Amino acid sequence: MRRFVLGWKTLGHGSRLQARIVNYADDFVICCRGTADEALTVMRDMMARLKLTVNEAKTRRCILPADEFDFLGYTIGLCHKAKTGRPYLGTRPSAKKVARLIREISEQTQRRYLAVLEPKELVGQLNRKQTGWANYFCLGPVSKAYRAVDHHVCRRLRQWLCAKHKVPGRGTTRFPNQHLYQQLHLVPLSARTRSFPWAKA
């Protein structure tokens, strides 16, 4: 991959096509204005010469703001200002990454852990997982993703507590959100956005 990026610059494709490569490891995006077709052709030709494989399933031309694409876990495309509704190009956590975190939380709160974990131990594990996730996914409008995670964590933790303590029903009376957050010290991701710069603007 390094050879491709270096060759792109050395051969002058970046300046000629006004196209910039943004890459991390083997993933990359070519950003350009009006030269996408030629940039795509040049990229494929260079990759073939370097005997590198292009992942055609992930390779496509994307025209913003009509389209959007995922890169490094973020969806890049049209966003809207929370207060004014004004559109802008930005990033948000991709639906795939949110769904993956939710699946992992469901795995961590399965009944098989009832006998081996105490509630505060489980909450500590959940806090580390979701806080680490949120430390990375903190760019752009994240409130919707954070709320989805908060809702799922509370629901799954409440179900787990009901099973552990043999409480019938959904447990909303015995284990309300206030109990989860204040007594068990579950971290609410939604509260993090209050300290974000755009929240104070």
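The residue count restarts for each chain, going from 1 along the sequence in the order it is written. Local features in a predicted model are, by the rule used here, given only for residues with pLDDT of at least 70; side-chain atom pairs are given and counted only at 80 or more, and totals for whole chains, interfaces and linings are based on all residues. The side-chain figures draw on all heavy atoms in the structure; neither hydrogens nor water molecules are used.

A word on the packing of helix H4 (residues 95-108) against helix H5 (residues 119-136)
Okay, step 1: Helix axes are fitted to C-alpha atoms over the stretch in contact, other axes to C-alpha atoms as well, and angles between N-to-C directions run from 0 to 180 degrees. Going along the chain from the N terminus, every DSSP run of H or I of four or more residues is numbered as a helix, and every run of E of two or more is numbered as a strand. Orientation of H4 relative to H5, taken along the N-to-C sense of each, is 170 degrees, at an axis distance of 11 Å. Between H4 and H5, the interaxial angle falls into the category roughly antiparallel. Here Lys97, Val98, Leu101, Glu104, Ile105 and Gln108 of H4 come into contact with H5, specifically with Leu122, Gln125, Leu126, Lys129 and Trp133.
Okay, step 2: Partitioned by chemical class, the residues of the contact of H4 with H5 number six nonpolar, two polar and three charged. Each angle gets one of four labels, with under 35 degrees taken as roughly parallel, over 145 as roughly antiparallel, 65 to 115 as roughly perpendicular, and the rest as oblique. Contacts are assigned to residue pairs that have any heavy atoms within 4.5 Å of one another. Only Asp, Glu, Lys and Arg are considered charged in this grouping, and only Ala, Val, Leu, Ile, Met, Phe, Trp, Tyr, Cys and Pro are considered nonpolar; every other residue, Gly among them, is considered polar.

Considerations on the nonpolar core
Okay, step 1: With 30 residues, the main nonpolar core has Trp133, Tyr146, Val149, Leu157, Leu161, Leu180 and Leu186 as its most contacted residues.
Okay, step 2: Listing elements by their share of this core, those giving two or more residues are H4, H5 and helix H6 (143-165).
Okay, step 3: For this core, the element with the highest residue contribution is H6, accounting for 10 residues.
Okay, step 4: With sequence-adjacent residues up to four places away left out, Leu186 is seen in contact with Val123, Asn127, Gln130, Val153, Cys154, Leu157, Leu180 and Tyr181. Among buried residues, those of type Ala, Val, Leu, Ile, Met, Phe, Trp, Tyr and Cys that are joined through side-chain atoms within 4.5 Å constitute a nonpolar core. Only protein chains enter the accessibility calculation, which uses a 1.4 Å probe; a residue is then buried when its area is under 20% of its type maximum, exposed when over 50%, and partly exposed in between.

Digging into the packing of H4 against H6
Okay, step 1: Relative orientation of the contacting elements H4 and H6 amounts to 15 degrees, with a least axis distance of 10 Å. The orientation of H4 relative to H6 falls into the category roughly parallel. Read as a crossing pair, H4 and H6 show a hand that is right-handed. Two secondary-structure elements touch here, H4 through Val98, Leu101, Ile102, Ile105 and Ser106 and H6 through Ala145, Ala148, Val149, His152, Val153 and Arg156. Crossings are assigned a handedness: left-handed for a near helix turned anticlockwise from the far helix by less than a right angle, right-handed for a clockwise turn.

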